[in-house]
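The lines below spell out each chain.
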Amino acid sequence: MRSKILFACPTNRWDARERSLLCDMKIAHDKGNQIVFYGLKNSPLDKKIALDNIEKHYHPGLVQTHFFLWPKLSKLISILDDKNLALVHCYKLNILWPICFFLRGNKEVSVIHSQFFEMKKNYRALWHRLLIRRCDLIFVPYDHLIRNIYSRLGVHPRKIEVRPPSLKEVTEPTKEGVIFDKFEQFFSVGLYLSDSDRSLKNLKPVIKALSVANEYFDWKKPIKLVFVTEGAWSEKSVYQKLKQAVLDEGIEEHVVFYTGGIPSNYIQYFDLWMSLPKGEGMDDLALLSCSIGTPILVPRHPSTTQFFDEYGKVGESYKNDDVREIARKWEVLLSDPDLYRDNIERASNQIRKSNSSENQKNQYIAAFEKVVNRRERYRVRRSPQNPS
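Here the structure is a predicted model, which means the values were calculated and not measured. (Residues numbered from 1 in each chain as written. Predicted model: local features only at pLDDT ≥ 70, side-chain atom pairs only at ≥ 80, totals over all residues. Heavy atoms only, no water.)

A.B. asks: Any chance you could break down the sheet that holds strand 11 (residues 272-274) for me, citing the residues and the numbers?
C.D. replies: With parallel pairing, the 6 strands of this open sheet are ordered in space as 10-9-8-11-12-13. Of all the strands in the sheet, just strand 10 (255-259) and strand 13 (315-318) have a single pairing partner and so form its edges. Across the sheet, the axes of successive neighbouring strands diverge by a mean angle of 25°, strand direction being ignored. Looking at chain direction, strand 9 (residues 223-229) and strand 10 are connected through 5 bridges and run parallel. Looking at strand 10, one finds that Leu225 is bridged to Val255. (Pairing = 2+ DSSP bridges. Helix = DSSP H or I, 4+ residues; strand = E, 2+ residues; numbered from the N terminus. Axes fitted to C-alpha atoms, helices over the stretch in contact; angles between N-to-C directions.)

Have a look at this one:
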């Protein structure tokens, strides 16, 4: 049986989608499969892959989506021609189209696509419909995307499976938590920035909200906003712009830039965890925060509404760019933290159980075996009969 899996995601982002890809890659690798990665060289995702014996191939330049440029994707074509290839797992729609096109005459390779973003554009033209038929299964993180994919892609719900973002296990308290002992006179609000956060657009409302909150609200103690990242801040392209924006607002004494390794090392120490609007909806770090008892403030999105409906008042949501609403939600969450923490304590076990790494692993293996075995049976039927 074939055992090679191609993971395709040419992107410079480092968000829930990319972290889920790493989780899926590890599951497949631990099962003894041969792993091939197709992405962008030196991207955050490329740098994070630390598994042994991974075969890497890089996309030339930007992701080409025009049909007439597909023949230039010679490296991708050669990977798809590999006789040992069993499955392609794609995480970007614009690279899914050439993959389905190149595999149109090869019915023996399975194709899975993970779609994390709501599609704004229709893909119902004849050639789109012909290509998407080559996809065996589509994973989505939340229920609301099923209708979106059905209407935009024309894929029937029976070929769509809900698979929430990967929930990383929380590590034991480490020395990273020492810094938070200094915040006893403050409410600490954590906000994670990755290498792909290069713009101030989503950060400016948060900075202004901090100024509003500390100046106009009657707090038991002020707020300290802690920007956290992996690696040195000096290496982040947004750092100097963000630092200057903080100075311009005059709130530098209430802002901390902290390098704390992976978020699971320190997320449990915050009074409140906040997510930025990135289009993915309820992200894996907010999910992790709720699973260990820290209230969340997340962008308003169908997935976050669904999450609060399912698990109760474990946090609040806010409208993008609404400075005063962000400040008001901080006041609501931090003025009575015990209320939210009691709710989270009741919900956290259910969140951990529903989104555990073991559930992720079992679901992925089951889906992999289902689609690959179906294609394997097709291959066997097509093989010439051995002479008796």
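A.B. asks: So, the sheet that holds strand 1 (residues 4-8): which residues are in play, and what are the values?
C.D. replies: In space, the 7 strands of this open sheet follow the order 3-2-1-4-5-6-7, with parallel pairing throughout. This sheet does not close on itself; its edge strands, each paired only once, are strand 3 (55-58) and strand 7 (160-162). Between one strand axis and the next, the sheet turns by 20° as a mean value, whatever way the strands run. Of the strand pairs in this sheet, strand 2 (residues 34-39) and strand 3 are connected by 4 bridges, and their pairing is parallel. Paired with Phe37 across the two strands is Lys56, which belongs to strand 3. Those strands touched by helix 1 (residues 16-30) are strand 1, strand 2 and strand 4 (85-90), and its axis lies near 175° from that of strand 1. (Contact = heavy atoms within 4.5 Å.)

A.B. asks: Tell me about the pattern of salt bridges, and name the residues and values.
C.D. replies: Enumeration over the complete set of coordinates arrives at 18 salt bridges. The salt bridge partner of Lys329 is Glu316, with a shortest N-O separation of 3.7 Å. Taken as a pair, Lys329 in helix 11 (residues 323-335) and Glu316 in strand 13 lie far apart in primary sequence, 13 residues in all. Between Lys329 and Glu325 there is a salt bridge, with the nearest N and O atoms lying 3.5 Å from each other. Placement of both Lys329 and Glu325 in helix 11 is noted, with a separation of 4 residues, approximately one turn of the helix. The class of Lys329 is buried, set by a relative accessible area of 15%. Linked by salt bridges that have partners in common, Arg300, Lys313, Glu316, Glu325 and Lys329 make up one network. (Salt bridge = Lys/Arg side-chain N within 4 Å of Asp/Glu carboxyl O. Buried < 20%, exposed > 50% of the residue type's maximum accessible area, 1.4 Å probe, protein only.)

A.B. asks: Describe in detail the nonpolar core, supporting the description with residues and values.
C.D. replies: Membership of the largest hydrophobic core comes to 52 residues, with the highest contact counts inside it found for Phe7, Leu87, Val228, Trp273, Ile296 and Phe307. Among the elements that make up this core, the one with the highest residue count is helix 13 (residues 357-382) (6 residues). If we ignore the near neighbours within four places in the chain, the residues touching Phe307 are Met282, Leu287, Cys290, Ile296, Gly312, Val314 and Ile351. Formed by 37 residues, the second largest nonpolar core is a distinct cluster that contains Phe187, Val212, Trp233 and Val255. (Core = buried A, V, L, I, M, F, W, Y, C linked by side-chain atoms within 4.5 Å.)

A.B. asks: A description of the side chain of Ser348 should follow, citing residues and the corresponding values.
C.D. replies: With respect to the element layout, Ser348 can be found in helix 12 (residues 337-354). Within the structure, the side chain of Ser348 is placed 3.3 Å from the backbone oxygen of Glu345, a separation counted as a polar contact. (Polar contact = N/O pair within 3.5 Å; in protein donor to acceptor, adjacent residues only side chain to side chain.)

A.B. asks: A description of a nonpolar patch on the surface should follow, citing residues and the corresponding values.
C.D. replies: On the surface, Phe67, Phe68 and Trp127 cluster together into a nonpolar patch covering about 360 Å² of accessible area. Look at Phe67 and you get partly exposed, because its relative accessible area is 37%. (Patch = residues over 30% accessible without salt bridge, like charges linked within 9 Å, V, L, I, M, F, W, Y side chains within 5 Å. Areas by Shrake-Rupley, 256 points an atom, 1.4 Å probe, with all protein chains shown as cover.)

A.B. asks: Describe a negative patch on the surface, and please don't skip the residues or the numbers.
C.D. replies: On the surface, Asp336, Asp338, Asp342 and Glu345 cluster together into a patch of negative charge. Tracing the chain through its elements places Asp338 in helix 12. Residue classification places Asp338 among the exposed positions, given a relative accessible area of 51%. (Lys, Arg positive; Asp, Glu negative; His and termini not counted. Charge placed at Lys NZ, Arg CZ, Asp CG, Glu CD.)

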